[in-house]
Amino acid sequence: MSWAAHDLEPYVIQKHLGRKIAFLPLLAGSYAPDMLTKWFVYGIGAFGFEIKAENPARFHRGWPGVGFTHSLVFGVLMALLIYGIWRKPVIAYSFLIGQWAHALTDMGDTVGTMIFFPFTTHLYSIGAWAYAGELGRQVDAGAYFSGLGFVWDGVWVVWATLSWRVLTAEYYRREVVTGDPFFGWAGKTLSEPLLLAIYRAAYFYGVCRWIAWTIWAHFVVGGATFKGRRYDFKLDLSWGGPHWVHALHPSDLNNSSLLGAGGPPRVFMYGVVVVLVRAKKLRQRLSRRRE
Amino acid sequence: MRSLLLYLAAGVSYTVLGIYNQNFLYSYFEGLAFLCGFVVGVPWVIRRLWR
């Protein structure tokens, strides 16, 4: 997983694609795979009760679980759904680009993503930094900001900062409002300073978060405890590190690499049917327009 | 320039707040609300009180 890259990638993409892309759907796509799942990975407690996934890593990235949200096909299906609702291709493909960026970025850790789901449940991983989501948010943060994940996010902090022109009010008026239907529509009722703050918020959040977690992990607490065990946040920039934490690997999640008979192929077939129906309707509409 | 300084002040405040209590760093929506409050809400309140 990445802690700041998903916030900052959209600005770099925006810089390269300009008004050909809609920023807000791009950002939504970049957040989408984790949006409804991350809280269940770390767990949430209230009034003495805690709700948490039994196997957080499998739930987040594996199958059975919601690991399919990190696949390319999920992005395509969501983009088709979005196109079906708003009928604007720019919203659909902007979301798709954001979601694909997220799924590809998360391949960097030791667990990886089921990028080609539903064709295979194999987890594709580069293994550069340790996946430690099952150890709770604080130890996970400490591990992430002690390994190459910290460097990876740093690359995005620098890259997005070098793309600072996309954050200016002049660029926002010229490119973002033109490219993104939301900002054009919202500009009729909301003030420009508020819309600019909304547009800049992910950059603000990503950079502040990266700095805050790093300072917290290495200069404030230096370690955290999970289930009675103490983890010291020592910087370890070796491949697959930090090695003071037990990193999960694809073999810890999915037993089978290829889909067998049963549920998953059925889900895939439903997906195929949806895609075919959408494609047929799109073709009909285009031919009607030509007439 | 005034706008940049306001954003910088918001960034420093949010980072310090996040270090003090990491609950503020958990979600993008918290960052969004903080930034909008800091760079739009606070100046609006000050302008209202100034009048």
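Participant: How do you make sense of the overall build of chain B when you look at a structure like this?
Facilitator: The number of helices and strands found in chain B is 2 helices and 0 strands. If one aligns the C-alpha atoms of chain B with their principal axes, the spans along those axes are about 35 × 20 × 15 Å.

Participant: It is not clear to me how the overall build of chain A should be interpreted in this structure. Could you clarify?
Facilitator: Summing up its helical and strand segments, chain A has 13 helices and 4 strands in all. Against the globule reference of 19 Å for 291 residues, chain A gives a C-alpha radius of gyration of 21 Å, in line with a compact fold. Overall size of chain A, expressed as C-alpha extent along the three principal axes, is 70 × 55 × 40 Å. A total of 291 residues make up chain A; the buried ones form 47% of that total. Considering only contacts in chain A between residues 6 or more positions apart, those separated by 24 or more positions represent 68%.

Participant: I would appreciate a short explanation of the packing of helix α1 (residues 5-17) of chain A against helix α6 (residues 89-105) of chain A in the present structure.
Facilitator: The packing of two helices is summarised by the inter-axis angle and the distance between the axes. Residue and element names in this part refer to chain A. At their nearest, the axes of α1 and α6 sit 10 Å apart, and the two run at 130° to each other. Taken as axis vectors, α1 and α6 run oblique relative to one another. Seen along the crossing, α1 lies across α6 with a hand that is right-handed. Two secondary-structure elements touch here, α1 through A5, H6, E9, P10 and I13 and α6 through I97, G98, A101, H102 and T105. Broken down by class, the residue content of the contact of α1 with α6 amounts to 5 nonpolar, 4 polar and 1 charged.

Participant: I tried to follow the pairing of strand β4 (residues 229-232) of chain A on my own but got confused; where do I start?
Facilitator: Along any regular strand the residues' side chains alternate between the sheet's two faces. Residue and element names in this part refer to chain A. As defined by bridge partners, strand β3 (residues 223-226) adjoins β4 across 4 bridges and the pair is classed as antiparallel. If you follow A224 over to β4, its bridge partner there is Y231. In textbook terms, the turn of a hairpin is the stretch between consecutive antiparallel strands, and for β3 and β4 this stretch comprises 2 residues, one of which, K227, has a positive phi near 50°.

Participant: What's the story with the interface of chain A and chain B in this structure? I'm lost.
Facilitator: One frequently used descriptor of interface size is the decrease in accessible area upon assembly of the parts. Contact residues are listed per partner, giving 18 residues for chain A and 14 residues for chain B. Among the elements that line the side of chain A that touches chain B, the one with the most residues is helix α11 (residues 192-221) of chain A, at 16 residues. Broken down by class, the residue content of the side of chain A that touches chain B amounts to 16 nonpolar, no polar and 2 charged.

Participant: What am I meant to see in the confidence of the model for chain A here?
Facilitator: Fine structural detail should not be taken from predicted coordinates in areas where pLDDT scores are low. On average, residues of chain A score 90 in pLDDT, and 95% of them reach the 70 mark or higher. Here residues 256-263 of chain A is modelled with pLDDT under 50, and outside its nearest four sequence neighbours on either side it reaches 10 contacts, counting other chains as well.

Participant: What is the right way to read the nonpolar core from this model?
Facilitator: Nonpolar side chains in soluble globular proteins generally cluster together in the buried interior. Residues and elements named next belong to chain A. Formed by 90 residues in total, the largest nonpolar core has its most connected members in L8, F23, L26, F95, Y203 and W213. By residue number, the principal contributor to this core is α11, which donates 17 residues. Beyond its immediate chain neighbours, meaning those up to four positions away, L8 contacts W156, V157, A160, Y203 and G206.

Participant: Can you walk me through helix α5 (residues 72-86) of chain A in this structure?
Facilitator: Think of an α-helix as 3.6 residues a turn; residues three or four steps apart then line up on the same face. Residues and elements named next belong to chain A. Compared with an ideal rise of 1.5 Å per residue, which puts 15 residues at 21 Å, α5 spans 21 Å between its outermost C-alpha atoms and is within 8% of the ideal. Buried within α5 are the following residues: F74, G75, A79 and I82. When α5 is viewed along its axis, its buried side chains cluster within an angular range of 130° and face the same direction. Buried residues belonging to α5 abut α2 (23-35) and α6. Directly after α5, the chain includes R87, whose backbone phi takes a positive value near 60°.

Participant: Could you clarify how one ought to interpret the environment of G11 of chain B in this entry?
Facilitator: Structurally, G11 of chain B is set in helix α1 (residues 2-20). Classification of G11 of chain B as partly exposed rests on a count of 19 C-beta atoms within 10 Å. Here the alpha-carbon distance between G11 of chain B and L35 of chain B, two residues 24 residues apart in the chain, equals 8.2 Å. Apart from the residues within four sequence positions on either side, G11 of chain B is in contact with F204 and C208 of chain A.

Participant: Sorry, what's going on with the packing of α2 of chain A against α6 of chain A here?
Facilitator: Residue and element names in this part refer to chain A. Two numbers describe how α2 lies on α6: the axes approach to 6 Å, and their chain directions differ by 35°. Pair α2 / α6 crosses with right-handed handedness. Two secondary-structure elements touch here, α2 through P25, L26, L27, A28, G29, S30, A32 and P33 and α6 through I91, S94, F95, L96, I97, G98, Q99, A101, H102 and A103. For the contact of α2 with α6, the class distribution of residues is 12 nonpolar, 6 polar and no charged.

Participant: Which parts of the structure should I look at to understand the environment of G147 of chain A?
Facilitator: Residues and elements named next belong to chain A. Structurally, the position occupied by G147 is in the loop between α7 (136-144) and α8 (148-162). Distance in space between the C-alpha atoms of G147 and H243 is 8.8 Å, their sequence separation being 96 residues. The residues contacting G147, other than those within four sequence positions of it, are W129, A130, D236, L237, G241 and P242.

Participant: Help me understand unusual backbone geometry in this model?
Facilitator: As a rule of thumb, non-glycine residues mostly have phi less than zero, and peptide bonds are mostly trans rather than cis. Residues and elements named next belong to chain A. Of note, the bond from F117 into P118 is cis; its omega dihedral lies within 30 degrees of zero at 10°. Looking at the secondary structure, you find P118 in the loop between α6 and α7. Cis geometry marks the peptide bond from G241 to P242, where omega comes out at 5°. Along the polypeptide, P242 turns up in the loop between β4 and α12 (250-253).

Participant: For this particular structure, what's the right way to read the environment of R165 of chain A?
Facilitator: All names here are of chain A. Here R165 lies in the loop between α8 and α9 (169-179). On the basis of neighbour counts, which here come to 10 C-beta atoms within 10 Å, the residue R165 falls in the exposed class. Spatially, the C-alpha atom of R165 lies 12 Å from that of H16, the residues being 149 residues apart in sequence.

What counts and what doesn't
Residues numbered from 1 in each chain as written. Chains lettered and ligands numbered in written order. Predicted model: local features only at pLDDT ≥ 70, side-chain atom pairs only at ≥ 80, totals over all residues. Helix = DSSP H or I, 4+ residues; strand = E, 2+ residues; numbered from the N terminus. Rg over C-alpha atoms; globule rule 2.2 N^0.38 Å. Buried ≥ 20, exposed ≤ 12 C-beta atoms within 10 Å, placed from the backbone. Contact = placed C-beta atoms within 7 Å. Axes fitted to C-alpha atoms, helices over the stretch in contact; angles between N-to-C directions. Parallel < 35°, antiparallel > 145°, perpendicular 65-115°, else oblique. Left-handed = near helix turned anticlockwise from the far one by under 90°. Nonpolar A, V, L, I, M, F, W, Y, C, P; charged D, E, K, R; others polar. Pairing = 2+ DSSP bridges. pLDDT = per-residue confidence, 0-100. Core = buried A, V, L, I, M, F, W, Y, C linked by C-beta atoms within 7 Å. Expected span 1.5 Å × (residues − 1). Arc of directions from axis to C-beta.

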